10 protein chains.
Amino acid sequence: MLKGVPAVLSPQLMMVLMEMGHGDEIVIADGNFPAAACASKYIIRCDGNKVPEVLEAILKFFPLDKYVKAPVAVTEVVPGDPVKPIIWEEYKKIIKEYEGDVKIEEVERFSFYERAKKAYAIVATSEEALYANIILKKGVVK
Amino acid sequence: MLKGVPAVLSPQLMMVLMEMGHGDEIVIADGNFPAAACASKYIIRCDGNKVPEVLEAILKFFPLDKYVKAPVAVTEVVPGDPVKPIIWEEYKKIIKEYEGDVKIEEVERFSFYERAKKAYAIVATSEEALYANIILKKGVVK
Amino acid sequence: MLKGVPAVLSPQLMMVLMEMGHGDEIVIADGNFPAAACASKYIIRCDGNKVPEVLEAILKFFPLDKYVKAPVAVTEVVPGDPVKPIIWEEYKKIIKEYEGDVKIEEVERFSFYERAKKAYAIVATSEEALYANIILKKGVVK
Amino acid sequence: MLKGVPAVLSPQLMMVLMEMGHGDEIVIADGNFPAAACASKYIIRCDGNKVPEVLEAILKFFPLDKYVKAPVAVTEVVPGDPVKPIIWEEYKKIIKEYEGDVKIEEVERFSFYERAKKAYAIVATSEEALYANIILKKGVVK
Amino acid sequence: MLKGVPAVLSPQLMMVLMEMGHGDEIVIADGNFPAAACASKYIIRCDGNKVPEVLEAILKFFPLDKYVKAPVAVTEVVPGDPVKPIIWEEYKKIIKEYEGDVKIEEVERFSFYERAKKAYAIVATSEEALYANIILKKGVVK
Amino acid sequence: MLKGVPAVLSPQLMMVLMEMGHGDEIVIADGNFPAAACASKYIIRCDGNKVPEVLEAILKFFPLDKYVKAPVAVTEVVPGDPVKPIIWEEYKKIIKEYEGDVKIEEVERFSFYERAKKAYAIVATSEEALYANIILKKGVVK
Amino acid sequence: MLKGVPAVLSPQLMMVLMEMGHGDEIVIADGNFPAAACASKYIIRCDGNKVPEVLEAILKFFPLDKYVKAPVAVTEVVPGDPVKPIIWEEYKKIIKEYEGDVKIEEVERFSFYERAKKAYAIVATSEEALYANIILKKGVVK
Amino acid sequence: MLKGVPAVLSPQLMMVLMEMGHGDEIVIADGNFPAAACASKYIIRCDGNKVPEVLEAILKFFPLDKYVKAPVAVTEVVPGDPVKPIIWEEYKKIIKEYEGDVKIEEVERFSFYERAKKAYAIVATSEEALYANIILKKGVVK
Amino acid sequence: MLKGVPAVLSPQLMMVLMEMGHGDEIVIADGNFPAAACASKYIIRCDGNKVPEVLEAILKFFPLDKYVKAPVAVTEVVPGDPVKPIIWEEYKKIIKEYEGDVKIEEVERFSFYERAKKAYAIVATSEEALYANIILKKGVVK
Amino acid sequence: MLKGVPAVLSPQLMMVLMEMGHGDEIVIADGNFPAAACASKYIIRCDGNKVPEVLEAILKFFPLDKYVKAPVAVTEVVPGDPVKPIIWEEYKKIIKEYEGDVKIEEVERFSFYERAKKAYAIVATSEEALYANIILKKGVVK
């Protein structure tokens, strides 16, 4: 633990966030995401925690990419599925607080998987909400 | 995640609990414990979580040793320190629920450190309460 | 060993089951399957044990995927081969007990091999029955 | 699997038995033995299996040391404990079949632990019987 | 060394033979074969030994594949080369003794190399005879 | 790089600072210190940088231990040596700014070396000033 | 530290410069470059330092390739971006001092990334200037 | 050092020469060759030594391939380059002494690089002569 | 294989012989020696071979130490044991051929074991003769 | 290779020299020294080269320790041995050229060995001269 660093950020997660550069992506995955199978570089276990608290902790330090249309991505609701991913509202609120108005892209499920495989790291939370995975693209630190 | 396994138990922690045998000890450490420095075998990061929830999840699967006087140990309050470790009451309640009446030993701080160095694993939580470290000695599974 | 965890689940197998996510597959292979040669991620030795006992132990914790037609696969009997894989009846009974009515897909031998190569893990048992390999696709834990 | 090799012998266990020389010791441990904590060289998981079947499979290939009084050791019953380790009778029968009359030494519990720490390998079974751990000292292959 | 296991089988070679499954192949290479360069999984040094003794030791435990036309392969004599690989007669005799009448396929040199690269293991002997490399495809252990 | 994290803190150094617990020590070593030879756990290269900037960056996140007399140590000037380590004044100023009045212990050169060998990490800077090594003992994060 | 070697060159960076041969490339990356994600061979952390000082230190030992048109490359300013990368003037001055008149190529951003992925090493500095990444191609040492 | 083994052959180089088989290639590279970048299997440092002495030491033990037209290759002089690689005369003399008349192939520079990437090993000398790299293809040891 | 190097010397054994210096010891162990358990640095498998052929191959390159009374050691016959280790005569003949008159020390069994644990390498042969282990101390190569 | 760095310094040796700090020692060993057996941290092969050229290359960058009586050590001639280690004269000349008048300590053979075991690195040359090993203690770089 350190002064001013949220407890949910593990030492390895902080290291990974620092190693990332402009354009690199990180996935905050829910508890059912095939995180270990998709991770090609880093898989960071974050058991017992939910996505929103991890998201907020990360955004305290992590700028979003202003050079692309949408530096944030979530999984598109499968056509016909009546689920309303209300957790997205929470994400929007947190993101707005730290980064202002940011466009969030909805990505078709299998494209999301492919993109996760190219991400620099995947954080495996225990989030139980549906459609709760989120990708963040790192911006420039000034 | 699996059916019937609390989310706070990471895959590696579950593996370690299964590898342990009769008499082996595990430390659930608070956020200020020098966990990485003391761990001689396994250090299991459990950032963002508190000791009681980890304790309860572990005891769901993990029997305490009935062959010793006290299969549980906490750090003795340093003489003169007015702190009342009220978190111990929570520990007692959880332990009683899973294992019945079990004696809890209070161990002098530096002896506690030495014992932690011999433990099979140390779980590093983000618990903020004082005097919150706890050692569990594994019993026989029947 | 732990309370409530079948003895046939090794610590590493339990860890792997927990690491798997929605859509990941695991192969429970018989004693003649080229398990080590096919495994691209995890090979878990389970010598001395048979497939049904491993299958039952896994299904105690592991939900099957409800989002696909058939979350279970076995090897199709080679055309002309008079063998009746009676062990499949045992599989169906076990699966029904834990997951209800589930469709089991029969996969042509070489397609089965290719699919095994993409599985998250292969469990190498000593099962002697013919046509005894089985693939399970993990579902969502709620 | 190979012709003439019992299924309970894993590839790694067979390798270890072959690497051992005159005077080296192997522990076949029951399911509650702190096998991982004691193993200083090899820990061989053998989950789901019992000690007698492993013992018999090993003795098919493994000669006992004729140069010491007792090439086999079990844990002495703790004074006052009414348990009768009837599994020992099974051990004696198996050993007699393969190696003739061999003296079995009863070793005090903590001395047994220390000796296990020096063994070349520990095989971790799921044996549930009490006082079921056994040490074998390898003899000369002629 | 173990009772009943030929001395020429190293511990690692025995382990590898056990790990192999139905359809996996092993190459017993002569002393001039580029074994280390071709091996993609296991290279097992067997210096100072000849192919026939290794072949015989392996066949004691290793069944050949009855599901293919030719479970054994040797390198085809290069057109124009007057060499008569008399060592093949020795191979046939050994194979017949252990596995009965088995077809031996002659494979063109470069196809042989490509097949060796996909083998589960290559055993590097010091055999000096020409055209002495041999591939064995593992069958089903019953 | 991250928002609010000084550039001189490398990802690995940040990770190490987070892994440390109450009572663990870190050495910020000058360019002539035998850092690689003394480091028993982590050696963190910080070439091209000076001690004061590293010290200040660390103290932004790292509390000093309030439970010991002196949570900071420097090397005692060798008796007879006329050098005045003026860099200590800079250290005092930085420490005061972040942690208030803190006692700094002067440790005899060889005792300092022994203490460095037990530290959790040694940061190897390119500081050229004499007597510029400094040890920090981590306190409790509240 | 060594006599005559600039402090900003870490031991590993010096080793890498020596291992490089004619035609190999090294990237000196600014603080926002995705260095860890792009590095396929060596990533050398150089936190707390700026590109010009690293460039100058490297050129003290490292000849540029005289066999290509442009042995140095920078990222082309994105069309429409009003930024003037004044740091390039500094680069030119340093390069001129060590290697005389050398052509510097401007490479389109994504081509630059692809080239960085093939470089022998990437040095990750904390440079804050925009368009500050630079690639050097090693020449012949005479 | 051993009796009868030239001092310039390092233990690892001798091991590699022994591991090589018929048709495998080794590169003896000059000091400017990008040896570390090209080596896909073994890079053997041989700093402070020249190619001719390494060549002679290797040929003492290493037969050249008699089954190909040219078992030796050097880099073709770039068209227009007036350099006369006189070191080739030295190579020819050494090769003749050990292997008789052997054809030496001149390979275009970039084809040479590609071939080096497939070699079993690259020996990195400090040779300063131009066009001094040489490839040897191993023959059959009788 | 190489010209002039006996086939029984594996690439790794040759490397180890070259790495050894004046005063280092190597054990050529028989098939019952606990080689893997005693080896602290290198264990070199030499299955299928006997000690005399390995001894002779080694002495072709390996000088014995002339600065000690006895550069060769064998295990003393246990008092009362009627065995005559006739293999020693073979050893003496081989040693005499390569190194002239050399004193061979007989070492008590357990002292021999301790000395083997400090040896640079242990070669594990399949020698079946009794009292067949031998230690060689390396001399100066001139 | 780099501009101004002697060819005999390998990339790894240069890295090691840079990692060393005040008081650390390096051994430049002759060809008969048991370098691999004594090295506890780094063994740097320098086959084919002699001690004087390595010594001179090192001293170009490496200051000797001015804080001890004798920053250089050689092995004392064994009493009774008539050898005159004339190579020492060469050492003195080289050292004088780079470091001025420096005292060279003669250390008894076995003490020399013990000291070598604590050195940061041992460079294994092919020097054939007797009594040719030398230890250098690193000084302060200003």
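Scroll up to find the structure this text is about.
No experiment lies behind these values; they were computed from the predicted model shown.

Conventions used here
- Residues numbered from 1 in each chain as written.
- Chains lettered and ligands numbered in written order.
- Predicted model: local features only at pLDDT ≥ 70, side-chain atom pairs only at ≥ 80, totals over all residues.
- Heavy atoms only, no water.
- Core = buried A, V, L, I, M, F, W, Y, C linked by side-chain atoms within 4.5 Å.
- Buried < 20%, exposed > 50% of the residue type's maximum accessible area, 1.4 Å probe, protein only.
- Contact = heavy atoms within 4.5 Å.
- Buried area = accessible area lost by both parts, 1.4 Å probe.
- Salt bridge = Lys/Arg side-chain N within 4 Å of Asp/Glu carboxyl O.
- Polar contact = N/O pair within 3.5 Å; in protein donor to acceptor, adjacent residues only side chain to side chain.
- Helix = DSSP H or I, 4+ residues; strand = E, 2+ residues; numbered from the N terminus.
- Pairing = 2+ DSSP bridges.
- Axes fitted to C-alpha atoms, helices over the stretch in contact; angles between N-to-C directions.
- Least-squares fit on C-alpha atoms with pLDDT ≥ 70 in both.
- Parallel < 35°, antiparallel > 145°, perpendicular 65-115°, else oblique.
- Left-handed = near helix turned anticlockwise from the far one by under 90°.
- Arc of directions from axis to C-beta.
- Expected span 1.5 Å × (residues − 1).
- Right-handed = clockwise from strand over helix to strand, strands pointing away.

Asker: Can you tell me about the nonpolar core, naming the residues and giving the values?
Answerer: Among the nonpolar cores identified, the biggest contains 85 residues, and L136 of chain A together with L136 of chain F are the most heavily contacted of them. Of all hydrophobic cores here, the second largest spans 83 residues; its members include V8, L64 and V123 of chain D together with V123 of chain E.

Asker: Please set out the interface of chain F and chain A residue by residue, giving values where relevant.
Answerer: Listed as interface residues are 23 residues of chain F and, on the opposing side, 23 residues of chain A. On the chain F side of the interface with chain A, the three residues burying the most area are L2, K3 and M18 of chain F, jointly 40% of the side's total. Across the chain F-chain A interface, the total number found is two salt bridges. Counting across the interface, chain F meets chain A through 10 residue pairs in polar contact (both at pLDDT 80 or more). The set of elements that each furnish at least two residues to the side of chain F that touches chain A consists of α1 (11–19) and α4 (87–99) of chain F. Ranked by the residues each element gives to the side of chain F that touches chain A, the list is headed by α1 of chain F, at seven residues.

Asker: Can you tell me about the sheet that holds strand β3 (residues 72–75) of chain I, naming the residues and giving the values?
Answerer: All names here are of chain I. In spatial order, the strands read β2-β5-β1-β6-β3-β4; together these six strands make up an open sheet with mixed pairing. If you trace the sheet from one side to the other, it starts and ends with β2 (42–45) and β4 (104–107), each paired once. Looking at each pair of strands side by side, their axes are set apart by 20° on average, direction ignored. The pairing of β3 with strand β6 (residues 134–137) spans three bridges and is antiparallel. Bridge pairing in β6 places V72 opposite L136. On top of the sheet, helix α1 (residues 11–19) reaches β1 (25–29), β2 and β5 (121–124); it is set at about 145° to β2, its chief contact.

Asker: Could you give an account of the relation of the copies chain D and chain E, naming the residues involved and the relevant values?
Answerer: Superposing chain D onto chain E requires a rotation of 180° together with a translation of 0.0 Å along the rotation axis, leaving an RMSD of 0.0 Å. Expressed as a symmetry operation, the mapping of one chain copy onto the other fits a two-fold axis. Every residue of chain D has its C-alpha some distance from the rotation axis, and the shortest such distance is that of M15 of chain D, at 2.7 Å. A shared interface surface links the copies, since 100% of the contact residues of chain D are contact residues in chain E too.

Asker: Can you explain the packing of helix α1 (residues 11–19) of chain G against helix α1 (residues 11–19) of chain J? Please cite residues and give values.
Answerer: Where α1 of chain G contacts α1 of chain J, the two axes come as close as 8 Å, and the packing angle between them is 160°. In terms of their interaxial angle, α1 of chain G and α1 of chain J are classed as roughly antiparallel. Where α1 of chain G crosses over α1 of chain J, the two elements pack in a sense that is right-handed. Residue-level contacts link P11, Q12, M14, M15, M18 and E19 of chain G of α1 of chain G to P11, Q12, M14, M15, M18 and E19 of chain J of α1 of chain J.

Asker: Describe helix α5 (residues 109–118) of chain H, naming the residues involved and giving the relevant values.
Answerer: Residues and elements named next belong to chain H. All of the buried residues along α5 are F112, Y113 and A116. Projected onto a plane normal to the axis of α5, the buried residues spread over an arc of 100° and lie on a single side. α5 presents F110 and K118 as exposed residues on the side facing more than 90 degrees away from its buried surface. The elements touched by buried residues of α5 are β1 (25–29), α2 (35–38), β3 (72–75), β4 (104–107), β5 (121–124) and β6 (134–137).

Asker: Tell me about the relation of the copies chain F and chain A, residues and numbers included.
Answerer: Rotating chain F by 180° and moving it 0.0 Å along the rotation axis overlays it on chain A with an RMSD of 0.0 Å. A share of 100% of the interface residues of chain F reappears at the interface of chain A, consistent with the copies meeting face to face through the same patch.

Asker: Tell me about helix α4 (residues 87–99) of chain D, and name the residues and values.
Answerer: Residue and element names in this part refer to chain D. A rise of 1.5 Å per residue sets the reference length of α4, with its 13 residues, at 18 Å; its end C-alpha atoms lie 18 Å apart and thus fit the reference within 8%. The set of residues buried in α4 consists of I87, W88, Y91, I94, I95 and E99. Projected down its long axis, α4 carries its buried residues within an arc of 125°, all on one side. Projecting away from the buried face of α4 at angles above 90 degrees are the exposed residues E89, K93 and E97. Next to the buried residues of α4 lie α3 (51–59), β3 (72–75), β4 (104–107) and β6 (134–137). One or two positions beyond α4, positive phi appears at G100, with a value near 75°.

Asker: Break down the environment of A57 of chain E for me, citing the residues and quoting the values.
Answerer: All names here are of chain E. Inspection of the secondary structure puts A57 in helix α3 (residues 51–59). By relative accessible area, A57 is classed as buried at 4%. Sequence-distant contacts of A57, that is, excluding residues within four places in its chain, are made with P6, V8 and L9.

Asker: Describe the pattern of salt bridges, with residues and values.
Answerer: Evaluated as defined, the whole model comprises 90 salt bridges over all chains. Two residues, K92 of chain B and E89 of chain B, come together in a salt bridge whose shortest N-O distance is 3.6 Å. Taken together, the residues span about one helical turn, with K92 of chain B and E89 of chain B both in helix α4 (residues 87–99) at a distance of three residues. A residue is classified by how much of its surface remains accessible, and K92 of chain B, at 40% relative accessible area, is partly exposed. A salt bridge links D101 of chain J to K96 of chain J, with the nearest nitrogen and oxygen atoms 3.4 Å apart.

Asker: So, the pairing of strand β4 (residues 104–107) of chain E: which residues are in play, and what are the values?
Answerer: All names here are of chain E. Bridge count between strand β3 (residues 72–75) and β4: four bridges; the pairing is parallel. Of the residues in β4, the one forming a bridge with V74 is E106. In the classification by handedness, the crossover that spans β3, the intervening helix α4 (residues 87–99) and the parallel β4 is right-handed.

Asker: Residues and numbers for unusual backbone geometry, please.
Answerer: Unusually for a residue other than glycine, Y131 of chain C sits at a positive phi of about 50°. The topology assignment puts Y131 of chain C in the loop between β5 (121–124) and β6 (134–137).

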